[in-house]
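Chain and residue survey
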Amino acid sequence: MNLLQRTPFFRLLLPLMSGILLYQYIRIPSFWLMVLMGVSFVLISFTFIVRKPELQYRFRWIFGLGTMIFLIAIGYTICRLFDQKNQFTELNHRAIYEVELISAPVEKERSHSFRVKLLQRYDSLPTAKVNGKAIIYLQKDSMPPNLLMGDRLMIEAEFKSPDGVQNPMGFDYSAYLKRQGIGATTYLTSDKWKKTGQNKSFLIKRFANQCRNYLLEIYKKYKITGTEFGVLAALTLGYTDSLEADVYKLYSHTGAVHILSVSGLHVAIVYGAIYFLLGFLKNNTRQMMLRSFISILFIWVYAIITGLSPAVLRASVMLTIVSAATFAKRKPQIYNTVIASAFLLLLISPNLLFDIGFQLSYSAVLSIVAFQKSISRLYTPLSKPVKWMWNLTAVSLAAQLGTAPIAIYYFSQFPNYFLLTNYAAIPLSTGIIYLSILLLFVSFVPIIASGVAFVLKWSIWSMNYSLGVIAGFPGSVSVISITSSQLAMLLSAILVLTLFAFNKKFSTLAVGLGLILIFSANQAFRQYESLNRAQLIVFSDSRNPVINFIDGKNNYIYTLDEKRAANVGNAYWRASLLHNPQQAELSEWFEDGFAHFKGKRILILKDDSFKFKTTTNPISVDYLIITNKLKPRMEQLLTCIRPENVIVDKSISMWYTNHVREVCNAQQINFYSVAEKGAYMTDLVR
């Protein structure tokens with residue numbers, strides 16, 4: 001109770017989060033939202049109307065209830081206002097548009113992408129004002145090197161709504177973009193756009209983008225290239241365009257991926273470095289205030305340059321609050337400071353609540369604050385090196401207690417050697433950040449800068465090599481899958497058992513152990529379900545057929561690109577506790593596109609082998625799957641094949657899909673379009 005009393009922002013944060021979550025599932029009419037606001041004002045006003053102290057004390061809960069209702073309504077309202085502000089008005093309408101870049105271009109495998117806001121439409125006179133933000137994918141060979149935020153383009157485009165969930169357990173790209181205010185996407189060839197100018201007003205983000213490009217050029221100037229450049233750019237500036245996929249996978253598997261995203265650790269190091277460099281400002285209170293102000297200003301500039309990630313925002317807001325409290329001669333309460341920063345960020349950007357980085361950042365810092373001291377007390381080292389290692393161990397273990405359930409839920413894996421990773425990565429990455437700051441300060445002195453750059457490259461190579469060695473250890477990664485309900489059980493168990501550590505009450509211990517028991521029983525039931533599963537799945541992928549045959553834990557796929565198939569199906573396979581996929585072609589029940597699987601006859605039409613063929617006795621199949629961008633003559637094909645169900649995957653063009661639908665309807669054959677309805681899934685009788 002004392003902790004709750006000393007942490008008022010916790011009691012404010014919960015109803016605000018409840019309002020944000022409520023908006024995701026329920027649409028409340030404006031009238032009832034106003035009624036809710038009115039009720040909260042009446043309840044809050046009651047405290048100020050009643051004058052008698054004994055009545056105020058007796059009914060003090062009324063003020064709390066009114067505040068809670070008010071913050072729920074505020075959370076709901078800011079989400080509604082965000083959606084209204086970012087409503088996209090131009091879907092499925094080809095026209096000439098004037099747009100303005102609101103993000104720096106990012107290089108993709110086949111294109112460059114950037115975000116824009118729509119300014120005007122020119123398909124009619126007078127020009128029409130439009131609203132909304134979109135992502136533009138630009139033909140790769142058409143990108144000039146000087147496109148920056150604030151540049152204005154004239155484009156000819158038709159904006160499309162992004163896909164929602166297309167595959168089981170798949171990523172909801174549409175919801176993800178919507179929560180960032182993005183309502184559409186489009187692809188432009190080199191002849192469909194032209195740069196017309198730029199926003200004349202000063203843009204902080206444009207300036208930050210130019211600063212980041214300037215700093216990246218300093219790295220390149222001193223021959224930091226390739227893998228080392230990609231890691232350094234990501235680690236220090238949040239620039240991930242040059243980061244190789246294999247390097248990212250290495251950091252992910254060893255539990256060091258947080259090193260590649262600018263986080264609170266980076267902000268603290270930068271703040272400490274600037275504060276140290278301003279050490280001459282310490283003679284009086286005014287100079288000390290100026291020293292702190294300049295340091296805080298610098299980390300906010302750094303935050304903007306690195307892209308304002310949730311972890312950076314959290315650390316920057318926290319440092320600002322602590323600095324202000326120090327000079328106000330108020331001792332900040334760490335829990336209140338952390339939660340206050342979350343409260344302020346959610347007021348400004350409510351959809352941060354659904355950002356994985358936001359969730360991991362706050363769970364990590366709260367977990368460190370809660371557990372690090374208790375873990376440290378378990379052992380008292382005598383020597384300084386051992387003390388340093390033990391402190392790092394305590395911080396790593398504390399952070400894992402809070403972040404592991406969330407990371408497992410989203411990524412279905414756990415790095416078993418995360419302690420070894422932190423022993424190598426934390427000191428090396430800290431040194432790399434200090435060296436990069438030093439390089440930027442001495443970059444105008446080539447002789448010194450070259451030496452610093454050499455040490456910097458060697459440090460990055462050493463960190464990559466160390467992580468490669470750790471990744472090579474047997475069992476370096478455990479694949480684990482949990483559901484959202486299991487995540488809630490684990491987090492609740494951690495919270496309740498933490499309370500037991502403080503209050504030593506049997507009831508809290510019983511609840512915590514009970515939650516762990518329920519979690520274990522639920523996991524056992526999921527294992528049992530996976531043993532009795534038989535399914536056919538045609539995944540949604542526009543470039544590659546991914547057809548899945550599931551028999552218990554056995555997992556077979558037909559595909560032309562196994563790496564791409566894994567990207568599409570991994571989430572479902574892990575959630576279903578399946579074995580790693582095997583090639584269906586190597587199975588005895590699969591031959592030349594024909595599968596006799598679980599009593600069903602399935603034909604995957606992968607080529608034109610039935611072209612110009614006819615028969616008096618058509619082959620009966622339960623499922624005919626048309627894939628691989630084929631366009632067979634359906635009338636002629638159905639003289640050879642008689643299917644009960646026809647499934648057209650996403651690689652088939654829309655006009656041909658409609659043709660197949662018409663033929664199937666005419667012949668009373670069940671038809672399914674993966675492009676329109678998402679992945680096809682059916683349970684097969686065993």
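See the structure shown above.
To start, this report covers the structure provided alongside it. Counting restarts for each chain: residues are numbered from 1 in the order of the written sequence. Totals for whole chains, interfaces and linings use all residues, but because this is a predicted model, local features are given only for residues with pLDDT of at least 70 and pairs of side-chain atoms are given and counted only at 80 or more. In computing side-chain values, all of the structure's heavy atoms are included and hydrogens and water are not.

**Re helix H16 (residues 418-442)**
As a reminder, the rule being used: We count a stretch as a helix when DSSP gives it H or I for four or more residues in a row; a strand needs E for two or more, and each element gets its number in order from the N terminus. By this rule the span expected of a helix is its residue count minus one, scaled by 1.5 Å. To get the bend at a given residue, fit one axis to the seven residues ending there, fit another to the seven starting there, and take the angle between those axes.
With 25 residues, H16 ought to run about 36 Å at 1.5 Å a step, and its terminal C-alpha atoms sit 35 Å apart, in line with that. The principal kink in H16, of about 25 degrees, is found at Ala-425, preceding the proline Pro-427 by one to four residues.

**Here's the deal with the environment of Glu-588**
By the secondary structure assignment, Glu-588 is in the loop between strand S14 (582-583) and strand S15 (590-591). C-alpha of Glu-588 to C-alpha of Cys-79: the two residues are 509 residues apart in sequence and 55 Å apart in space.

**Describing the nonpolar core**
In plain terms, the rule: Residues enter a nonpolar core if they are buried and are Ala, Val, Leu, Ile, Met, Phe, Trp, Tyr or Cys, with the set joined through side-chain atoms within 4.5 Å. Summary of the burial criterion: residues with accessible area below 20% of their type's maximum are buried, those above 50% are exposed, and those between are partly exposed, where the area comes from a 1.4 Å probe applied to protein chains only. Residue contacts are defined here by distance: any two heavy atoms, one from each residue, within 4.5 Å place the two residues in contact.
Grouped together as the largest cluster of nonpolar side chains are 54 residues, with contacts concentrated most on Tyr-251, Leu-439 and Met-463. Going through the elements one at a time, helix H7 (204-221), helix H8 (226-237), helix H9 (245-253), helix H10 (264-277), helix H11 (285-305), helix H12 (310-327), H16 and helix H17 (446-471) are the ones with two or more residues in this core. The element that contributes the greatest number of residues to this core is H16, accounting for 8 residues. With residues up to four places along the chain from it excluded, the contact list for Leu-439 reads Ile-218, Tyr-219, Tyr-222, Ile-224, Ala-449, Val-452, Ala-453 and Leu-456. Counting 27 residues, the second-largest nonpolar core is a separate cluster that includes Ile-20, Ile-74, Leu-313 and Phe-358.

**Some details on the pairing of strand S1 (residues 95-101)**
Counted only if it meets this: Pairing between two strands requires that DSSP report at least two bridges joining them.
The element S1 is largely enclosed, with a buried count of 6 among its 7 residues. Strand direction decides the pairing type here: S1 and strand S6 (residues 151-157), joined by 6 bridges, are antiparallel. Bridge pairing in S6 places Ile-96 opposite Glu-156. One ladder, built from 5 bridges, connects S1 with strand S3 (residues 111-121); its direction is antiparallel. When the sheet's bridge partners are listed, Tyr-97 is paired in S3 with Arg-121.

**Details of the sheet that holds strand S11 (residues 534-538)**
Note the cut-off: Every axis in this analysis is a line fitted to C-alpha atoms, fitted for helices over the stretch in contact. Angles between the N-to-C directions lie between 0 and 180 degrees.
The strand order across the open sheet built from 5 strands is S14-S13-S12-S11-S21, with neighbouring strands paired in mixed fashion. Edge positions in the open sheet fall to S14 and strand S21 (680-683), since each of these has one partner strand only. Here strand S13 (residues 554-559) runs beside S14; their pairing, made up of 2 bridges, is parallel. Of the residues in S14, the one forming a bridge with Ile-557 is Gln-583. Most of the contacts of helix H20 (residues 562-575) go to S13, to which it runs at about 145 degrees, and overall it touches S11, strand S12 (546-551), S13, S14 and S21.

**Things to note about the pattern of salt bridges**
Between side chains of opposite charge, a pair can form as their charged atoms come close. The cut-off we apply is this: Salt bridge, as used here: a side-chain nitrogen of Lys or Arg that lies within 4 Å of a carboxyl oxygen of Asp or Glu.
Per the counting criterion, the structure on display carries 12 salt bridges. Close ionic contact of Arg-152 with Glu-100 constitutes a salt bridge, the shortest N to O distance being 2.8 Å. Taken together, the positions of Arg-152 in strand S6 and Glu-100 in strand S1 put the pair 52 residues apart, joining distant regions of the chain. Residue Arg-152 is classed as partly exposed on the basis of its relative accessible area, which comes to 25%. In this structure, Lys-160 engages Glu-158 in a salt bridge whose closest nitrogen and oxygen atoms are separated by 3.0 Å. On the basis of relative accessible area, Lys-160 is assigned to the partly exposed category, the value being 39%.

**Some details on the sheet that holds S15**
Pairing is mixed in the open sheet, where 6 strands are placed in the order S15-S16-S17-S18-S19-S20. Of all the strands in the sheet, the pair left with one neighbour each is S15 and strand S20 (670-673). Direction of pairing for strand S19 (residues 641-648) relative to S20: parallel, over a ladder of 4 bridges. What sits directly across from Ile-647, in S20, is Tyr-672. The strands touched by helix H22 (residues 654-666) within the sheet are strand S18 (619-626), S19 and S20, with S20 carrying the most contacts at an inclination of about 165 degrees.

**Thoughts on the packing of aromatic side chains**
Going by this rule: What counts as a ring pair is set by centres within 6.5 Å for rings of Phe, Tyr and Trp (its six-membered ring), and what kind of pair is set by the plane angle: stacked under 30 degrees, edge-to-face over 60, tilted for all other angles.
Evaluation of the coordinates by the stated rule reveals 27 aromatic pairs. Taking 5.6 Å as the distance between ring centres and 90 degrees as the angle between the ring planes, the aromatic pair formed by Tyr-417 and Phe-473 counts as edge-to-face. With Tyr-417 in the loop between strand S9 (413-415) and H16 and Phe-473 in the loop between H17 and strand S10 (477-479), the pair connects residues that are 56 residues apart, well separated along the chain. Judged by relative accessible area, Phe-473 falls into the partly exposed class, the value being 32%. With 5.2 Å between their ring centres and 10 degrees between their planes, Trp-461 and Tyr-465 make a pair best called stacked. Of this pair, Trp-461 and Tyr-465 both sit in helix H17, 4 residues apart, which is roughly one turn of the helix. On the basis of relative accessibility, which here comes to 45%, the residue Trp-461 falls in the partly exposed class.

**Details of unusual backbone geometry**
A positive phi angle, close to 55 degrees, is found at Asn-92, a residue other than glycine. Summarising the element assignment, Asn-92 is placed in the loop between helix H5 (60-85) and S1. We note that Gln-668 has phi near 55 degrees; this positive angle belongs to a residue other than glycine. Along the chain, the position of Gln-668 falls in the loop between H22 and S20. Look at Gln-668 and you get exposed, because its relative accessible area is 76%.

**Observations concerning the side chain of Lys-553**
What counts, and what does not: For the charge count, each Lys or Arg is scored as positive and each Asp or Glu as negative, with His and the chain ends excluded. Between N or O atoms, a polar contact is any pair within 3.5 Å; within protein, one atom must be a potential hydrogen donor and the other a potential acceptor, and residues adjacent in sequence are included only when both atoms are from side chains.
You can see Lys-553 is positioned in the loop between S12 and S13. For the buried Lys-553, no salt bridge is present, and the opposite-charge side chain at shortest range is Glu-529, 11 Å distant. At a separation of 2.9 Å, a polar atom in the side chain of Lys-553 contacts the main-chain carbonyl oxygen of Leu-577. Ignoring sequence-local partners within four residues, the contact set of Lys-553 consists of Gln-527, Ser-530, Leu-531, Leu-577, Leu-578 and His-579.

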